[in-house]
Amino acid sequence: MAQGNGIDNRQQRVIDRLVREFTKQEGDRLSDAVERLLEVKCDFLGGAPDDWDLRDVAEVLLDLHPVNVILEPDEFPQVVPAAAALMRFLAERHPSRAEMFETAAEGAEQMADQFVSEMADERLWAAEKRLWSRAQAEGVDLDDQFAMDEWLEEFSQRPRAERDRVLGTRGIPMSGLMAPRMAPSDAIPGGDELTQALDDAVMLRQLVALVRYVGESRGVGEMGEFSSEDTFELAQLLNTGDLQDHSGDPSDDDAPASDQLAGLDLIYQVALQADLLTLTDLGVTLVPGARASLATEATIELADAVFTAMLFEAGSAGSGERHSRYGFSWFVDEVDERMLGLLLDLYETETPVDVDEFGRHTWDQIEESYDWESFSESERFDPDNLDFYSQLVVEDTRYALGRFAELGVVRLVDASATTGADTTSGGRVELDVLGKVLVHRLVAEMAGIPLPGSLEHLSPVELLTAVAKLPNDAAVAELDNWLAVGDETAVERMIAAMAEVSPPQRHGAYHALLRLGPNDAPTCQQFEAVGLDFMALVYGVDTGRFDPSIFEMGNDPESWVELLATVAGLWGPEVAATGWAEQAAAPAGLSDMLDRAWRVGGDDTEPAIEAIGSGHPDKKVAKAARKALFKLRSAG
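Here's a quick rundown of the structure. Numbering of residues starts from 1 in every chain and runs along the sequence as written. Local features in a predicted model are, by the rule used here, given only for residues with pLDDT of at least 70; side-chain atom pairs are given and counted only at 80 or more, and totals for whole chains, interfaces and linings are based on all residues. Where side-chain values are given, they derive from all heavy atoms of the structure, hydrogens and water being excluded.

### Considerations on the overall build of the protein
Here's step 1: Think of it this way: any DSSP run of H or I at least four residues long counts as a helix, any run of E at least two long counts as a strand, and we number them from the N terminus. Looking only at helices and strands, the protein features 31 helices and 8 strands.
Here's step 2: Only protein chains enter the area calculation, which uses a 1.4 Å probe; residues under 20% of their type maximum are buried, those over 50% are exposed, and those in between are partly exposed. Within the protein, the fraction of its 636 residues that count as buried is 49%.
Here's step 3: In the protein, the share of contacts with a sequence separation of at least 24, taken over all contacts with a separation of at least 6, comes to 66%.
Here's step 4: All accessible-area figures derive from a Shrake-Rupley calculation using a 1.4 Å probe, and residue coverage is judged against the displayed protein chains alone. Per element, the accessible surface of the protein, about 30,400 Å² overall, is 46% carbon and sulfur. Two residues qualify as a contact provided that any one of their heavy atoms is within 4.5 Å of a heavy atom in the partner residue.

Written out as structure tokens, the structure reads:
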């Protein structure tokens, strides 16, 4: 199962106790499914394990399970009965809320067919669920960590196309890595800061120049290498720094081939792997690739394609002569494989990492993974010279990070120039502006969350339905982006859509509209025009257009109930209870209103009264609300 917000020790103790009591009372047939339901609820939705309502049941069964939870098909039919049994078990434990739990149980039973259908729909699966489902299908025991690690290592070596088919993403070879928790969207650079970072990315400028240089086609050698003339011209055009040790005359017998120039070869290989260029005619003609149109200017789309190619295909430590310098290439491949883990760590911890220390740690992992005795007769390896190999790995780590720095992904700080050499030592590495954006996009993909901005093409109803399933930060970013890129009718269409979706789905849209500047903000009349009269009242107060003292609904319990339910949904029960309930109950008074409100019925009455029972600071008022709530539930 994918990870959500985590389960703390207190929640886990309550879960364990509930499962024991459920099993003692109901038997163990459904106990595993009940435990999983409690864990999913606490991990992703938070709160107390025994605090459920119908919306929680719907989200756990129809949103979280299909996306994140791995089950065998023969386990699907157990989940809904387990959810219904759990709700009725909790009803017995909490008699004052028995009606609510029974409603949740009946609702769960009505979801049975949809639950089975969505669990089987692989289009809904997050990347992590896709990965482990494939492992399970191939016979891996998901309770055996060693077997899982072995399978991951093997899977990460499969062709990219196969990984793409399995993960439904860019085929991330996770090598045991799970997606870290996503950073808040407002912590990710954008606007002018991102634009400047793209303009400053040396590698993006080089790739744009390379694709332009190739034009409609350019001949290359049988191994795909550039001619000597092209090699020298490109090394100078792209300013790769490769010609310092060469005469600069392409006609010399010892003139290097393009694949012997590390800087140029890396740019070339990245262009090929990112589909900016492609080889045709048995590999002797270079032409624009399927994504050549990206390489016209430095954009986030080009940066993302290049980042992916470097991270998963072309590498950064093992280009050109870096492979042949030592007579073997295994170590640089190991360094490349560990770049993903480093970037994820930098993203999650926001703490710079010592470059040499990371290189030595990489070597420690390599040293543990090799059977050095088997190389005792090898001409390439000397098992007695491991200190030398360790230093090579540290150098390759620094080299790889330098290439990512040229893309603008990382920044090397406090490094010192090496005396008498064109190298550096020491220092730390941290994510740069472009790196924060690119890794954030990668983490979103690993977690099965749409890439930032990818929902802007949806209709407003489709958008509100989609963002309801996202973490709050991602939902906020998508809503704000949809309004920002929309035309002059975007606000009007968003408000119209709010009237068509459920209250929880419209609440996020309300806050997005509230975040708009004064020139773009809607009017109260626009809410009223689509039947959202009470939301219009709340919006008027939130924007300073209305004084809340004008709301006196003491003689209209139906309106009082709907207003309180609207406020509770938008701002929480405490705000509804302390900021609105008494004023809106005037002149009759809150006690009198509570005595009449429970008779209103409908979907809004329970949340309105429950808000006062749970959020009002006056114990007498809160008790009166709980009494009214009991009458409401007893009346059926």
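### Considering the pattern of salt bridges
Here's step 1: In the sections that follow, a salt bridge refers to a side-chain nitrogen of Lys or Arg positioned within 4 Å of a carboxyl oxygen of Asp or Glu. A complete count under the given rule lists 16 salt bridges for this structure.
Here's step 2: Between glutamate 21 and arginine 93 there is a salt bridge whose closest N-O contact spans 2.4 Å. Of this pair, glutamate 21 sits in helix α1 (residues 9-26) while arginine 93 sits in helix α4 (residues 76-93), placing them 72 residues apart in sequence.
Here's step 3: A relative accessible area of 30% places glutamate 21 in the partly exposed class.
Here's step 4: With a shortest N-O distance of 2.9 Å, arginine 97 and aspartate 51 are connected by a salt bridge. Here the residue arginine 97 occupies a position in the loop between α4 and α5 (98-110), and aspartate 51 occupies one in the loop between α2 (31-45) and α3 (54-68), the gap between them amounting to 46 residues.
Here's step 5: One salt-bridge network, held together by shared partners, links Arg88, Glu102 and Glu109.

### Thoughts on the pairing of strand β3 (residues 285-288)
Here's step 1: The pairing of strand β1 (residues 218-219) with β3 spans 2 bridges and is classified as antiparallel. Looking at the pairing, glycine 219 lines up with threonine 285 of β3.
Here's step 2: One ladder, built from 4 bridges, connects strand β2 (residues 277-280) with β3; its direction is antiparallel. Residue pairing across strands places threonine 280 opposite threonine 285, the latter belonging to β3. What makes two strands pair is DSSP finding at least two bridges between them.

### Overview of the environment of valine 461
Here's step 1: In this structure, valine 461 sits in helix α21 (residues 460-467).
Here's step 2: Judged by relative accessible area, valine 461 falls into the partly exposed class, the value being 28%.
Here's step 3: When sequence neighbours within four positions are dropped, the list of residues in contact with valine 461 reads Ala497, Glu500 and Val501.

### Describing the sheet that holds β3
Here's step 1: With antiparallel pairing, the 3 strands of this open sheet are ordered in space as β1-β3-β2. Of all the strands in the sheet, the pair left with one neighbour each is β1 and β2.
Here's step 2: Of the strands in this sheet, β2 and β3 are in contact with helix α13 (residues 262-273), which crosses β2 at around 85°. Only the stretch in contact is used when fitting a helix axis, every axis being a line fitted to C-alpha atoms; angles between N-to-C directions are given from 0 to 180 degrees.

### Digging into the environment of valine 541
Here's step 1: Along the chain, valine 541 turns up in helix α26 (residues 533-542).
Here's step 2: When the C-alpha positions of valine 541 and cysteine 524 are compared, they lie 10.0 Å apart, and in sequence the two are 17 residues distant.

### Here's the deal with the packing of aromatic side chains
Here's step 1: Between rings of Phe, Tyr and Trp, where Trp is taken as its six-membered ring, a pair exists when centres lie within 6.5 Å; planes separated by under 30 degrees are stacked, by over 60 edge-to-face, and by other angles tilted. The full count for this structure, using the stated rule, is 7 aromatic pairs.
Here's step 2: With centroids separated by 4.6 Å and ring planes inclined at 45°, the aromatic side chains of phenylalanine 226 and tyrosine 268 adopt a geometry described as tilted. You can see phenylalanine 226 sitting in the loop between β1 and α12 (228-237) and its partner tyrosine 268 sitting in helix α13, a full 42 residues away along the chain. Each member of the pair, phenylalanine 226 as well as tyrosine 268, carries the same accessibility label: buried.
Here's step 3: Between tyrosine 510 and phenylalanine 527 the ring centres are 6.3 Å apart and the planes differ by 50°, which places this aromatic pair in the tilted class.

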